[in-house]
Structure formats: C-alpha cells, structure tokens
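An overview of the molecular structure
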Amino acid sequence: MIALLNLLCDFRGREFYLFDQLRKNVSKLVKKISITEISPKSISKITRELKDILIKSEVAVVTADAICESLSVILLKTEHARLSNPKPLVLSALREVLLDILSPKKEIDILKRVEEAKMKRTPLIIAFFGVNGVGKTLSIAKLGKLLQKNGYSSVFAAGDTFRAGSIQQLQQHGEKLGIRVIAQTYGSDAAAVAFDAVNHAISKNIDVVLIDTAGRIETSSNLMAELKKICKVIEPDLKIFVGDALTGNALVSQVTLFNEKIGIDASILNKIDADVKGGAAVSVTHISSSPIIFLGKGQNYDDIVPFSPDFIVNNIIPAKQLNL
Ligand SMILES: Nc1nc2c(ncn2[C@@H]2O[C@H](COP(=O)(O)OP(=O)(O)O)[C@@H](O)[C@H]2O)c(=O)[nH]1
Ligand SMILES: [Mg+2]
C-alpha cells in the first residue's frame, strides 16, 4: 500500500516522481562519489556539494545544514575499509537522515480527533489559515470529502468575507459535495460567520466544522487581527496552516509568522504535484515545530494524501536507486 502511494503514474501508466530537480541532482552527486571520498577528509566535500544542491532546491539553509551535519556524522561512524562501492551507503545514510528530519515530533491524526470529539458529543472545530491562492478553500473541500468517505458529517464556514468570489467558490464546493455552507455577505465579520457555523453544527449534531479564512498578504495587521478574533471567539480545536509548495523558501517565513501570531497546530502543503524542487516539503516540518498532516497533489477532491516521511523521501531517493 505504501509502495503504491509512493509511486505516481502518468496517463500512460509509467511511474514518475515528484521533486525532479532535487532527485536528479542528488542522484548525480552520489553517482560520482568514489571510494577515496569516503574518508574523514573528503566527506566534507560531499556535504558541501549536497548543501548546494539542497539550497538550489529551496530547502531552508538551517534544514540543509542539519541534513549535512547528520549525514557526515553517520558517514564518519561507518567502517569503510573493505567497501568497494560507497554509493548505496551514502544513499541509505541520506535516506535515514531525511526520514529523521521529516518525522514530526508529535503526530496529529485528524480522524482520531474527530472520533474523540464525537464521543464527547461536540463538533471538532478546524480553522484554516494561509495567504491567498495557497489552496485553503480547495483543501477544505478535499477534507470535507475525506470526512464523508470516513462516515463523518461536516459544515463549511465561509470565513473569507474579503476576497471577491470566495464565498461562491466555497458554496460551489459545498453543492458538489452535498455539504452545508454557512455564509453571510462580503465584508461581514468572519468570526461571526464561524460562530454561526459552530452553532449550526451543535444544533444539527454535525461532526466537524471547517472554517475558511481570508488570506490577503500575511503582513497585513488587519488580517492578523481578524484571524486572532476568529481564534478568540471560536477557540478552534485545530489551527491549520495551509502552504503552497511552489512558494519555496518564502513558505518558511510564512509558517513562522502565522505560528507566531496565531499558533499553528499542523500544516497542509499543497501543489506538490507541480513542485520540481521539493525544498518546501523537506523544510516545513523541520522549521515549524508542528507536523504536516496532508499533502495536496492536484485539483481534484481526491488529490490529498496523508503526509508520510517515506512518501517524500521515496520521491527524492527512490528505493530502486539504492542498487547503484
Ligand atoms: N495543482 C494543484 N493546484 C492546487 C492545489 N491546491 C489548490 N490548487 C489550486 O490553487 C488555486 C487556489 O486555490 P484556493 O483553494 O482558491 O486557494 P485559497 O486562496 O488559499 O483559498 C486554485 O486554482 C486551486 O485549484 C494542489 O494541490 N495542486
Ligand atoms: Mg479561498
């Protein structure tokens, strides 16, 4: 099952991978490593080149440093005297390091949280935050469908009362999925819309409230005040940061800022289907202290996969590459 998740297929059924640039450059680097380079003296040459590759693929500098540092620790510990081919060794060491960097320190299981809230006869309240265009609204629709498939009901709150068309956009998703959308007019108080949605869920025994919010620019103090107010009025059980993998390094400052201003429990990283670099996917878990819970990999409702470190690592270093 995991193997199936890890490989994607194009329309002709051929397998292909995400993060083209990062994967190809890592593979090139490893292919040219010779036995003489696996010595304390020359390991630093490998990690220097690796750092360059990682940074070019928009892995954050602190994350690239952490990866290179751990890699050199592992390589220095290994006994190489009788090694004729160092390449599989370097690749499996790098896989180990990446898996460790990508493994969240705490995990969040949304379906488990929904079930726990249901037992307490209270809806689970989830609010989504992030700048415009990162896929907040579509993520809400995808999660609504995922919850449906697992037998849970949800209601959407049209809390982006700022951007033209945003309320209709959520309403269209709601209609297609058969999910109720609680909305007011543009310019109305987003916290009041969220409040209505929570009351609706309580009175109709709905399992989950999914709250959309406005994006604008993350530096807007008005926006942050609006988002803080939603949090104060509604006290969401989960505050989810939504990011766009194509944003690259800027994503790191976005997640840091949202975390500082409103406190983030978890992230969703979208558009990994279009990301040849892969840096954001590698950095976000390392940089923010909270886990990535889902990856968005397309524009259809089913294009959402639970985050797993293996999924990312297998796209950077495919298992079959270990037989170099
Ligand atoms: N390729 C791709 N496009 C996505 C993904 N998630 C969202 N989008 C597209 O990104 C655009 C903005 O999405 P939207 O949900 O409106 O973003 P919002 O402004 O944060 O609410 C839309 O055209 C979506 O279809 C994804 O995972 N992959
Ligand atoms: Mg939106």
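As the structure is a prediction and not an experimental result, all values here were calculated from the model.

**Here's the deal with the overall build of the protein**
Counting its secondary structure elements, the protein contains 13 helices and 10 strands. Computed over C-alpha atoms, the radius of gyration of the protein comes to 22 Å, within 12% of the 20 Å expected from 2.2 N^0.38 for 324 residues, which places it in the range of a compact globule. Burial statistics for the protein: of 324 residues in total, 53% are counted as buried. In the structure as shown, the protein presents an accessible area of about 15,000 Å², 53% of it carried by carbon and sulfur atoms. On the protein, the mean spot of the 41 positive side-chain charges and the mean spot of the 34 negative ones are 3 Å from each other.

**Some words on the site of ligand 1**
By nearness alone, 18 residues border ligand 1, and Gly 133, Lys 136, Thr 137, Asp 273 and Gln 299 come closest of all. Gly 135 is positioned with one of its backbone polar atoms (N or O) 2.9 Å from an oxygen atom of ligand 1. Here an oxygen atom of ligand 1 sits 3.2 Å away from a polar atom, N or O, in the main chain of Gly 298. The protein chains hide 81% of the 590 Å² of surface that ligand 1 would expose on its own. Cavity membership is defined here by more than half of the atoms lying within 2 Å of grid points; on that basis ligand 1 lies in the second largest pocket.

**Thoughts on the confidence of the model for the protein**
The predicted model of the protein has a mean per-residue pLDDT of 89, with 92% of residues at 70 or higher. Within the model, pLDDT remains below 50 along residues 1-7, and this stretch shows eight contacts once partners closer than five positions in the same chain are excluded. The low-confidence segment residues 10-14, where pLDDT is below 50, has three contacts with residues more than four positions distant or belonging to other chains.

**Section: the domain arrangement of the protein**
By the assigned domains, the protein splits into domain 1 (18-105 + 315-323) and domain 2 (110-264). Spacing between the C-alpha centres of domain 1 and domain 2 amounts to 39 Å.

**Brief notes about the environment of Thr 285**
The residue Thr 285 is located in helix H12 (residues 279-287) in this model. The sequence separation of Thr 285 and Ile 101 amounts to 184 residues, and the corresponding C-alpha distance is 7.6 Å. Residues contacting Thr 285, with those up to four places away along its chain left out, are Ile 101, Leu 102, Ser 103, Pro 104, Ser 290, Ile 292 and Phe 307.

**What about the pattern of salt bridges?**
Summed over all chains, the structure comprises 10 salt bridges. In this structure, Asp 302 and Lys 149 form a salt bridge, with 3.1 Å as the shortest nitrogen-oxygen distance. Here Lys 149 lies in helix H7 (residues 136-149) and Asp 302 lies in the loop between strand S9 (292-296) and strand S10 (304-306), a separation of 153 residues in the sequence. Given the relative accessible area of 55%, Lys 149 is considered exposed. A salt bridge links Lys 229 to Asp 189; its shortest N-O distance comes to 2.7 Å.

**Details of the pairing of strand S8 (residues 266-270)**
The buried fraction of S8 amounts to five of the five residues, a majority that puts the element mostly inside the structure. Side-chain alternation along S8 places Ala 266, Ile 268 and Asn 270 on one buried face and Ser 267 and Leu 269 on a second face that is also buried. Across five bridges, strand S7 (residues 238-244) lies against S8 in parallel orientation. Looking at S8, one finds that Phe 241 is bridged to Ser 267. Following the backbone out of S7, through helix H11 (residues 250-262) and into the adjacent parallel S8, one traces a crossover that is right-handed. Here three bridges tie S8 to S9, and the two strands are oriented parallel to one another. Counterpart to Leu 269 in the pairing with S9 is Leu 295. Remark: the S8/H12/S9 crossover connection has right-handed handedness.

**A short note on the sheet that holds strand S6 (residues 208-211)**
Taking strand neighbours across the sheet as the criterion, the eight strands line up as S5-S4-S6-S3-S7-S8-S9-S10 in an open arrangement whose pairing is mixed. The sheet terminates laterally at strand S5 (180-182) and S10, the two strands that pair on one side only. Adjacent strand axes in the sheet meet at a mean angle of 25 degrees when their direction is disregarded. In the sheet, strand S4 (residues 154-157) pairs with S6 via four bridges, with the strands oriented parallel. Opposite Val 155, over in S6, you have Val 209 as the bridge partner. Sheet strands touched by helix H8 (residues 166-177): S4 and S5. Its angle to S4, the strand with the most contacts, is close to 165 degrees.

**Some details on the layout of surface pockets**
Counted as a void, the largest pocket has a volume near 350 Å³. Lining the largest pocket are 23 residues, and of these Ile 108, Ile 293, Phe 294, Pro 306 and Phe 307 sit closest to its centre. The set of elements that each furnish at least two residues to the lining of the largest pocket consists of helix H6 (110-119), H7, S9 and S10. In terms of residue count, the dominant contributor to the lining of the largest pocket is H7 (four residues).

**Concerning the nonpolar core**
Judged by nonpolar contacts, the single largest core of 107 residues is most densely connected at Val 26 and Ile 312. If one sorts the elements of this core by residue count, helix H5 (residues 87-102) sits on top with eight residues. Counting contributing residues per domain, this core is built from domain 1 (18-105 + 315-323) and domain 2 (110-264), each supplying no fewer than three. Excluding anything up to four places from it in sequence, Val 26 contacts Leu 50, Ile 53, Leu 91, Leu 94, Ile 316 and Ile 317.

About the cut-offs
- Residues numbered from 1 in each chain as written.
- Chains lettered and ligands numbered in written order.
- Predicted model: local features only at pLDDT ≥ 70, side-chain atom pairs only at ≥ 80, totals over all residues.
- Heavy atoms only, no water.
- Helix = DSSP H or I, 4+ residues; strand = E, 2+ residues; numbered from the N terminus.
- Rg over C-alpha atoms; globule rule 2.2 N^0.38 Å.
- Buried < 20%, exposed > 50% of the residue type's maximum accessible area, 1.4 Å probe, protein only.
- Areas by Shrake-Rupley, 256 points an atom, 1.4 Å probe, with all protein chains shown as cover.
- Lys, Arg positive; Asp, Glu negative; His and termini not counted.
- Charge placed at Lys NZ, Arg CZ, Asp CG, Glu CD.
- Near = heavy atom within 4 Å.
- Polar contact = N/O pair within 3.5 Å; in protein donor to acceptor, adjacent residues only side chain to side chain.
- 1 Å grid on protein atoms, 1.4 Å probe; cavity = no way out; pocket = protein on both sides within 12 Å on 5 of 7 lines; lining within 4 Å.
- Sits in = over half its atoms within 2 Å of the grid points.
- pLDDT = per-residue confidence, 0-100.
- Contact = heavy atoms within 4.5 Å.
- Domains from an automatic or database assignment.
- Salt bridge = Lys/Arg side-chain N within 4 Å of Asp/Glu carboxyl O.
- Pairing = 2+ DSSP bridges.
- Right-handed = clockwise from strand over helix to strand, strands pointing away.
- Axes fitted to C-alpha atoms, helices over the stretch in contact; angles between N-to-C directions.
- Points joined across faces, edges and corners; volume = space filled by probe spheres on them.
- Core = buried A, V, L, I, M, F, W, Y, C linked by side-chain atoms within 4.5 Å.

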